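Spelled out from the first residue to the last, the chains are:
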Amino acid sequence: LMSLWHPNELLVIGGAALGAFVISNPMKLIKQVLGGFGVIFKGSKYTKQLYLDALSLMFDLLSKARKDGIIALETHFEDPHKSDIFKKYPKISSDHHAVDFICDYLRIMVGGNMNAIELENLMDIELETHHEEGHAPSAAVTRVSDALPGFGIVAAVLGIVITMGALSDGPEVIGHKVATALVGTFLGILLAYGFVGPMSTFLDLVARDEGQFFKCLKTCLIASIQGYAPNMAIEFGRKTIFSTERPGFKELETHIKAKAK
């Protein structure tokens, strides 16, 4: 591994990649990318447990609306952080995007005069926008990954230029300098396809999981406004979940009963 340790090559490749990344992206996207790197080490938060909490929350909200009238939800969506229903699910309450999504559409359901089709169209517009925004960090990292082999070649060419100035120093010195130059090409390709590229793929998959999570919430709300009972509405939502995270019917029922105690 020490034969690959050439700080100058890493400085050229890493510096050029970082500079290109900063120049080509607005600050808000740079912050999103830096925040997304933490997810790579922690893993996606969209687990079966999170879906159990989300579906249980939707069941509680829709049950209260069915029992006391949808106007009874006003106190919950106007200040969700003080809502006794939202407080039961801290993992959902800490996700302000999810809370805003639920509360905004409950507010529309209470105060608006929209049918299920109109509401679904509005949700689709918002989710499409959210989808584009969610995939922007992975796209930015992908562009860096695509550029890294080129920066590796730049470092290699620079190394060869330096080597040309040392032709009189003998074969051993020339061989070392040529090897250093070739390491630049090697590192550019390795970083692109071994590290930065996979990181971009992971960020893209997390964005996909987030989109599927909101699709689940959307389906529950649409089923409710179409007149389905709360237990059927969350069943519609459960069917949208990927099989690897989808809780079983009995598992969800048990979780809802446990939260009701």
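As the structure is a computational prediction, the values presented were derived from the model and not from experiment.

Enquirer: How would you sum up the overall build of the protein? Please name residues and give values.
Expert: Per the secondary structure count, the protein includes 11 helices and zero strands. Ordered by position from N to C terminus, the α and β elements of the protein give α-α-α-α-α-α-α-α-α-α-α. A burial count over the protein gives 39% of its 261 residues as buried. The long-range share in the protein, meaning contacts at least 24 apart out of those at least 6 apart in sequence, stands at 76%. With an accessible surface of roughly 14,300 Å², the protein has 64% of that area assigned to carbon and sulfur atoms. Averaging the coordinates of the 25 positive side-chain charges in the protein and doing the same for the 28 negative ones gives two points 8 Å apart.

Enquirer: Account for the pattern of salt bridges, with residues named and values stated.
Expert: Taken as a whole, this structure holds 13 salt bridges when the rule is applied. The partner of Glu-235 in a salt bridge is Arg-238, with the nearest N and O atoms 2.7 Å apart. Placement of the pair is Glu-235 and Arg-238 together in helix H10 (residues 230-238), with a separation of three residues, close to one helical turn. Judged on exposure class, the residue Glu-235 and its partner Arg-238 are both buried. Note that Lys-250 is salt-bridged to Glu-253, the shortest N-O span being 3.7 Å. Of this pair, Lys-250 and Glu-253 both sit in helix H11 (residues 249-260), three residues apart, which is roughly one turn of that helix.

Enquirer: Tell me about the nonpolar core, and please be specific about residues and values.
Expert: With 38 residues, the main nonpolar core has Phe-213 and Leu-217 as its most contacted residues. Put simply, the parts of the chain that give this core at least two residues each are helix H3 (48-68), helix H5 (84-87), helix H7 (96-111), helix H8 (116-164), helix H9 (171-225) and H11. It is H3 that contributes the most residues to this core, nine residues altogether. Look past the residues within four positions of Leu-217 in its chain and what remains in contact with it is Ala-54, Met-58, Ala-98, Phe-101 and Ile-102. With 17 residues, the next largest nonpolar core counts Ile-13, Ala-17, Val-33 and Ala-140 among its residues.

Enquirer: Could you give an account of the state of the cysteines, with specific residues and numbers?
Expert: Evaluation of the coordinates by the stated rule reveals zero disulfides. Not engaged in a disulfide, the cysteine Cys-216 finds its nearest cysteine sulfur in Cys-220; these two sulfurs lie 4.6 Å apart. Here Cys-220 falls in the buried class, since its relative accessible area comes to 0%.

Enquirer: I'd like a rundown of the side chain of Glu-245, residues and numbers included.
Expert: Here Glu-245 is to be found in the loop between H10 and H11. Within the buried core, Glu-245 has no salt-bridge partner, and the shortest N-O distance to an opposite charge, that of Arg-208, equals 5.9 Å. Polar contacts involving the side chain of Glu-245 include one to the side chain of Thr-244, which spans 2.9 Å.

Enquirer: Now, about H7: what can you tell me, with residues and values included?
Expert: For H7, with 16 residues, the first-to-last C-alpha span of 22 Å sits near the 22 Å given by 1.5 Å per residue. Restricting attention to buried positions, one finds in H7 the residues Ala-98, Val-99, Phe-101, Ile-102, Cys-103, Tyr-105, Leu-106 and Met-109. On the buried face of H7, the contacting elements are H3, helix H4 (74-78), H5, helix H6 (90-93), H8 and H9. At the N-terminal end of H7, a side-chain oxygen is found 3.1 Å from the backbone nitrogen of His-97, two or three residues along, and the residue is Asp-95.

Enquirer: I'd like a rundown of a nonpolar patch on the surface, residues and numbers included.
Expert: Side chains of Ile-153, Val-157, Leu-158, Val-161 and Ile-162 sit close together on the surface and give an oily, nonpolar patch of about 440 Å² of accessible area. Residue classification places Ile-162 among the partly exposed positions, given a relative accessible area of 48%.

Enquirer: Explain the packing of H10 against H11 to me, and be specific about the residues and the numbers.
Expert: Put simply, H10 and H11 touch, their axes get as near as 12 Å, and they point 130° apart. The pairing of H10 with H11 is recorded here as oblique in orientation. Taken as a pair, H10 and H11 cross one another with a handedness that is right-handed. In this structure, H10 contributes Ile-234, Glu-235 and Arg-238 to the contact, and H11 contributes Phe-249, Leu-252 and Ile-256. Its residues assigned to classes, the contact of H10 with H11 shows four nonpolar, no polar and two charged.

The rules we used
Residues numbered from 1 in each chain as written. Predicted model: local features only at pLDDT ≥ 70, side-chain atom pairs only at ≥ 80, totals over all residues. Heavy atoms only, no water. Helix = DSSP H or I, 4+ residues; strand = E, 2+ residues; numbered from the N terminus. Buried < 20%, exposed > 50% of the residue type's maximum accessible area, 1.4 Å probe, protein only. Contact = heavy atoms within 4.5 Å. Areas by Shrake-Rupley, 256 points an atom, 1.4 Å probe, with all protein chains shown as cover. Lys, Arg positive; Asp, Glu negative; His and termini not counted. Charge placed at Lys NZ, Arg CZ, Asp CG, Glu CD. Salt bridge = Lys/Arg side-chain N within 4 Å of Asp/Glu carboxyl O. Core = buried A, V, L, I, M, F, W, Y, C linked by side-chain atoms within 4.5 Å. Disulfide = S-S within 2.5 Å. Polar contact = N/O pair within 3.5 Å; in protein donor to acceptor, adjacent residues only side chain to side chain. Expected span 1.5 Å × (residues − 1). Patch = residues over 30% accessible without salt bridge, like charges linked within 9 Å, V, L, I, M, F, W, Y side chains within 5 Å. Axes fitted to C-alpha atoms, helices over the stretch in contact; angles between N-to-C directions. Parallel < 35°, antiparallel > 145°, perpendicular 65-115°, else oblique. Left-handed = near helix turned anticlockwise from the far one by under 90°. Nonpolar A, V, L, I, M, F, W, Y, C, P; charged D, E, K, R; others polar.

Distances and angles like these do not, on their own, reveal function.
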